[in-house]
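Each chain, letter by letter, is given below.
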Amino acid sequence: MHIVIFTGAGISAESGLKTFRGDHGLWEGYRVEDVATPEAWARNAELVQEFYNIRRRAILEAQPNEAHKAIALLEEKHQVTVITQNIDNLHERAGSTNIVHLHGLITKSQSSIDPTLIYDIDGWELKIGDLCEKQSQLRPHVVWFGEAVPMISIAIGICKQADLFIIVGTSLQVYPAASLVNYVPSTTKKILIDPAADQLNKNYEEIINVSAKACIGVPMLVKELLSS
Ligand code: NAD
């Protein structure tokens, strides 16, 4: 069985990383337009760099939780693909081997003039003055609001092949990511694990709601899938 798991910020909440919309629409106290758009970078690259440096340091200090670990365990019995909106690396560190990062990965940098030039960042800090091989400023390897999502077509192809589709910890409000569920075959069982599942899922009647935190709901479901 090919299980596709689509995750959002909620799966990392119990690792101590704040979700995106938790706090009056602010992300860790910042307005998205000030830190996560190409316009913000053009206006104040220092602020953007500082915002992601703080996030990166927190992510490197965070640990994968029971939900990330349970998803990795599923590979013992099933073909598993994780499609994540998260820019953290907690799925990798929990042991999952097949991960699509729709919105990039904060532990990497990319050239600000050539997005195909991508590098590992050593440590938590990316500085103004750190340059790519074309002598251009390095920026975080993340997809900002208003930018194209290069991995979306690969993710769509994966969703079309899903025999079971599990959604964890996402408000399903950031597009095009949220549209992925529409590409999953109508005959495929779809499960949403999120404490707010009942409020989120009004547009998707065919999805089964599990109103639980990831660290409770995911290990329970994985146990069932490993024993069946
Ligand atoms: P979101 O903040 O819009 O939604 C988070 C969802 O998680 C909500 O539905 C909430 O009910 C749920 N949630 C909260 N605590 C939970 C828990 N313990 N277990 C399970 N679910 C829980 O997040 P989103 O839909 O992923 O969209 C936000 C965007 O911001 C993403 O595209 C992502 O790139 C970015 N982001 C990433 C991180 C990260 O990498 N960890 C963190 C914040 C934001």
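What comes next concerns the included structure.

Rules of the game
Residues numbered from 1 in each chain as written. Predicted model: local features only at pLDDT ≥ 70, side-chain atom pairs only at ≥ 80, totals over all residues. Heavy atoms only, no water. Helix = DSSP H or I, 4+ residues; strand = E, 2+ residues; numbered from the N terminus. Buried < 20%, exposed > 50% of the residue type's maximum accessible area, 1.4 Å probe, protein only. Polar contact = N/O pair within 3.5 Å; in protein donor to acceptor, adjacent residues only side chain to side chain. Contact = heavy atoms within 4.5 Å. Near = heavy atom within 4 Å. Areas by Shrake-Rupley, 256 points an atom, 1.4 Å probe, with all protein chains shown as cover. Salt bridge = Lys/Arg side-chain N within 4 Å of Asp/Glu carboxyl O. 1 Å grid on protein atoms, 1.4 Å probe; cavity = no way out; pocket = protein on both sides within 12 Å on 5 of 7 lines; lining within 4 Å. Points joined across faces, edges and corners; volume = space filled by probe spheres on them. Nonpolar A, V, L, I, M, F, W, Y, C, P; charged D, E, K, R; others polar. Pairing = 2+ DSSP bridges. Axes fitted to C-alpha atoms, helices over the stretch in contact; angles between N-to-C directions. Parallel < 35°, antiparallel > 145°, perpendicular 65-115°, else oblique. Left-handed = near helix turned anticlockwise from the far one by under 90°.

### Observations regarding the side chain of Thr7
Relative to the helices and strands, Thr7 resides in strand β1 (residues 2-7). The exposure class of Thr7 is buried, given its relative accessible area of 0%. Polar side-chain contacts of Thr7 include one of 3.0 Å to the side chain of His91. Not counting residues up to four positions away in its chain, the partners in contact with Thr7 are Ile71, Val82, Ile83, Thr84, Gln85, Asn86, His91 and Val168.

### Re the site of the ligand
Lining the immediate surroundings of the ligand are 26 residues, of which Phe20, Gln85, Thr170, Ser171 and Asp194 lie closest. In this structure, a nitrogen atom belonging to the ligand sits 2.9 Å away from a side-chain N or O atom of Glu14. Note that an oxygen atom of the ligand is positioned 2.7 Å from one of the side-chain N or O atoms of Thr170. Contact with the protein chains hides 90% of the accessible area of the ligand, taken as 850 Å² for the molecule alone.

### Thoughts on the environment of Phe51
With respect to the helices and strands, the residue Phe51 is situated in helix α3 (residues 45-61). Separated by 23 residues in sequence, Phe51 and Glu28 have C-alpha atoms that sit 9.2 Å apart. Those residues in contact with Phe51 that sit more than four places away from it in its chain are Trp27, Tyr30 and Val35.

### Examining the pattern of salt bridges
All told, the structure shown has seven salt bridges when counted by the stated rule. A salt bridge links Glu147 to Arg139, with the shortest nitrogen-to-oxygen separation between them at 2.9 Å. Here the salt bridges do not stand alone but share partners, grouping Arg31, Glu33, Asp34 and Arg43 into one network.

### Section: empty space enclosed by the protein
Throughout the structure, instances matching the rule amount to one cavity of 30 Å³ or more. One number sums up the size of the largest cavity: a volume of about 40 Å³. The wall of the largest cavity is formed by Ile5, Ile71, Ile166, Val168, Ile193, Val218, Leu221 and Val222. Broken down by secondary-structure element, the contributors of at least two residues to the lining of the largest cavity are β7 (164-168) and α8 (214-227). Among the elements that take part in the lining of the largest cavity, α8 stands out by supplying three residues, more than any other. A breakdown of the residues in the lining of the largest cavity according to their chemical character gives eight nonpolar, no polar and no charged.

### Brief notes about the environment of Ile118
With respect to the element layout, Ile118 can be found in strand β5 (residues 118-120). With 24 residues separating them in the primary sequence, Ile118 and Ala94 have C-alpha atoms 23 Å apart. Those residues in contact with Ile118 that lie beyond four places of it in its chain are Lys108, Ser109, Gln110 and His141.

### Considerations on the sheet that holds strand β4 (residues 104-111)
Note: strands within a sheet are paired through backbone hydrogen bonds, in either parallel or antiparallel orientation. Across the sheet, which stays open at both edges, the three strands sit in the order β5-β4-β6 with antiparallel pairing between neighbours. For this open sheet the edge positions go to β5 and β6 (138-142), each flanked by a neighbour on one side alone. With direction set aside, neighbouring strand axes in the sheet form an average angle of 45 degrees. Both β4 and β5 contribute to a ladder of three bridges, which runs antiparallel. Bridge pairing in β5 places Ser109 opposite Tyr119.

### Comments concerning the packing of helix α4 (residues 66-73) against α8
At a closest axis distance of 8 Å, the pairing of α4 and α8 adopts a crossing angle of 15 degrees. In terms of orientation, α4 and α8 fall into the roughly parallel class. Judged by the sense of rotation from one axis to the other, the crossing of α4 with α8 is left-handed. Residues Glu66, Ala67, Ala70, Ile71 and Leu73 of α4 pack against Ala214, Cys215, Val218, Pro219, Val222 and Leu226 of α8. Broken down by class, the residue content of the contact of α4 with α8 amounts to ten nonpolar, no polar and one charged.

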